[in-house]
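# Survey of secondary and tertiary structure
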Amino acid sequence: MSFAFFKPSMELSALIGARGATGLALLAVYVTVCRVLRFRRRNKKHAEYPYKTREDFSKMTATHAWEIYRYVASLEFPFLHEKALQFALFRTYGIPTISTLLSSTRQLAAPQLAPRRYEDTALLIAEFLVHPPSHPRSNEAIARMNYLHSIYQRAGKISNDDMLYTMSLFVLEPTRWIASYEWRSMTDMEICALATLWKTIGDAQGINFSALQHGPNDFRDGLEFYEDLRTWADEYENRAMVPDKHNHLVAEETTALLVCNIPTFLRPVARNFVVALMDERLRKAMVYEPVLAIHHRLVDVMFAVRRFVSLYLFPPRPYFLRLKVVSESADPKSGRYFKEYYEQEPWYVKPTFWNRYSVSSWVRWATGRPYPGCSDKFKPEGYQISKVGPQKFEDKGSEECEVVKKKLMEGRAGVECPFAVRR
Ligand SMILES: *[C@@H]1O[C@H](CO)[C@@H](O)[C@H](O)[C@H]1NC(C)=O
């Protein structure tokens, strides 16, 4: 009987030879090890935290939420998490009140200003996501964002609905993208952590959560907050995500940014893929023609291949290769920070020898695209958080930012669990 088990492999080795069989066996071992290591890290991370049941979720501290979120974003799913955040920003342009403001301020709709605004937005978001809730940099970034928003809020140009909607996408898009395309979905604990972290950020922004089912402050835990956001955002899109020429205008500019690293002759194809990534509601709101079914098929195939390769051929990303977005320490002389990662233009990237003469910089130079240190326009001297934003506001609001930062730090460090203060 035991022979019956070995028989097929003996036939196989007769077919492909002993070397081939050894190779296959090694591959099988490698694939198994990759898979096991991936799930082992997930399980180990879950064992580290005292959040096993739904009851425990309501006690999740802001700092733990941040730690869990960081491991999800920088180690487990760095690529798609980053793409999902970019797409979250993109999706907000399907709301006419948002796209109209953006195109009227001419920050995003003008080709020469679009990349800067995009980088600055991403930079402030990175600062408060990369640093823990009690960290000065996290709170300085929120204070700066609040200052920039307040100018338009006072003029009645940014509504609470738009703030709430944008925030909801930073929770919903990563979970949606990861569930659709990654090697595994986020667990309840991870979703709870993401939502708990964003609750502290939303509170620090002064967002009014009354419109949510358990709002303004009756959420059982991060998971319930997430579910409420999902329900509300869907209703809001039904109501507010409608076709508008400003949506199209801002979407076009952003798409141009997203495909700028692709050779010119391939850009029209790449655009079709961007449209294929939209659901029908967003596509109609952005006034794009439907693309061929083949584009949707190809997107699915690409993500399926990627999922297969990550799950079976790559071990989990080691800590030293974690995704870094901003420099950990300031320049000792100027006190400025640097971007460590860029896609379109090298804003705030320090032109170190390594950055300047890397393979990708040579490729960018050869294809006429900007690389670190190529021009002072991209501020190679780095940035100060309290000055990030549109040129005309660069020297405004610094003192106000300092005061708000201190207040936020006390508030966010003081609240152990953002859902414990309810009722
Ligand atoms: C939040 O919004 C609700 C409903 O619009 C309103 O009644 C409430 O006063 C607002 N809360 C704050 C703190 O502004």
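Rules and cut-offs
- Residues numbered from 1 in each chain as written.
- Predicted model: local features only at pLDDT ≥ 70, side-chain atom pairs only at ≥ 80, totals over all residues.
- Heavy atoms only, no water.
- Phe/Tyr/Trp six-rings, centres within 6.5 Å; stacked < 30°, edge-to-face > 60°.
- Buried < 20%, exposed > 50% of the residue type's maximum accessible area, 1.4 Å probe, protein only.
- Helix = DSSP H or I, 4+ residues; strand = E, 2+ residues; numbered from the N terminus.
- Domains from an automatic or database assignment.
- Contact = heavy atoms within 4.5 Å.
- Buried area = accessible area lost by both parts, 1.4 Å probe.
- Salt bridge = Lys/Arg side-chain N within 4 Å of Asp/Glu carboxyl O.
- Polar contact = N/O pair within 3.5 Å; in protein donor to acceptor, adjacent residues only side chain to side chain.
- Nonpolar A, V, L, I, M, F, W, Y, C, P; charged D, E, K, R; others polar.
- Lys, Arg positive; Asp, Glu negative; His and termini not counted.
- Expected span 1.5 Å × (residues − 1).
- Bend = angle between axes of the 7 residues up to and from the residue.
- Patch = residues over 30% accessible without salt bridge, like charges linked within 9 Å, V, L, I, M, F, W, Y side chains within 5 Å.
- Areas by Shrake-Rupley, 256 points an atom, 1.4 Å probe, with all protein chains shown as cover.
- Axes fitted to C-alpha atoms, helices over the stretch in contact; angles between N-to-C directions.
- Parallel < 35°, antiparallel > 145°, perpendicular 65-115°, else oblique.
- Left-handed = near helix turned anticlockwise from the far one by under 90°.

### Brief notes about the packing of aromatic side chains
- Counted under the stated rule, the structure contains 26 aromatic pairs.
- On the numbers, 6.5 Å between centres and 10° between planes, the contact of Y49 with Y51 is stacked.
- Here Y51 falls in the buried class, since its relative accessible area comes to 6%.
- Ring centres of W347 and F378 lie 5.4 Å apart, and the angle between their planes is 85°; this geometry places the pair in the edge-to-face category. Remark: F378 occurs in the loop between α16 (359-366) and α17 (398-414) and W347 occurs in the loop between α14 (293-313) and α15 (353-356); sequence separation between them is 31 residues. Summarising the burial analysis for this pair, W347 and F378 share the class buried.
- Each member of the aromatic cluster is reached from another via a ring pair, and the members are F87, F90, Y93, W177, Y181 and F303.

### Some details on the domain arrangement of the protein chain
- Once the domains are mapped, the protein chain shows domain 1 (11-47) and domain 2 (54-323 + 401-412).
- Counting from both sides, the interface comprises 11 residues of domain 1 and, opposite them, 16 residues of domain 2.
- Summed over both partners, the interface of domain 1 with domain 2 buries about 1,500 Å², with 63% contributed by carbon and sulfur atoms.
- For the pair domain 1 and domain 2, the interface holds one salt bridge.
- As a salt-bridge pair, E76 and R41 come within 2.9 Å of each other at their nearest N and O atoms.
- At the junction of domain 1 with domain 2, the criterion picks out eight residue pairs in polar contact (both at pLDDT 80 or more).
- Classifying every residue of the side of domain 1 that touches domain 2 gives five nonpolar, one polar and five charged.

### A look at the side chain of E82
- The residue E82 is located in helix α4 (residues 78-92) in this model.
- Among buried charged residues, E82 stands out as having no salt bridge; its nearest opposite-charge side chain is K83, 6.8 Å away.
- With residues up to four places along the chain from it excluded, the contact list for E82 reads L323, Y341 and E343.

### Regarding the side chain of D228
- Residue placement: D228 occurs in helix α10 (residues 222-240).
- For the buried residue D228, which engages in no salt bridge, the nearest side chain bearing the opposite charge is R54, 8.3 Å off.
- Beyond its immediate stretch of four places on either side in the chain, D228 contacts L212, Q213, H214 and F219.

### Considerations on helix α8 (residues 160-181)
- Along its 22 residues, α8 runs 31 Å from first to last C-alpha, staying within 8% of the 32 Å computed at 1.5 Å per residue.
- Along α8, the largest kink reaches about 30° and is centred on L169.
- For α8, the tally of buried residues reaches 16 of 22 residues, placing the bulk of the element in the interior.

### Some thoughts on a nonpolar patch on the surface
- Among the surface-exposed residues, I16, L24, L27, Y30, L313 and F314 lie close enough to one another that they form a single nonpolar patch of about 530 Å² accessible area.
- Among the elements that line the nonpolar patch, the one with the most residues is helix α1 (residues 2-48), at four residues.
- Locating L27 in the fold gives a position in helix α1.
- Judged by relative accessible area, L27 falls into the partly exposed class, the value being 43%.

### Some points on the packing of helix α7 (residues 136-154) against helix α9 (residues 188-205)
- The interhelical angle for the contact between α7 and α9, taken along N-to-C directions, is 45°, at an axis separation of 10 Å. Taken as axis vectors, α7 and α9 run oblique relative to one another. Along this stretch, α7 crosses α9, giving a crossing that reads as right-handed. Here α7 contributes I142, M145, N146 and H149 to the contact with α9, which in turn contributes I201, A204 and Q205.

### Topic: the pattern of salt bridges
- Counting across every chain of the model gives 25 salt bridges.
- A salt bridge links E140 to K405; the nearest nitrogen and oxygen atoms lie 3.5 Å apart. Placement of the pair is E140 in helix α7 and K405 in helix α17, with a sequence separation of 265 residues. K405 matches E140 in its accessibility class, with the two residues each being buried.

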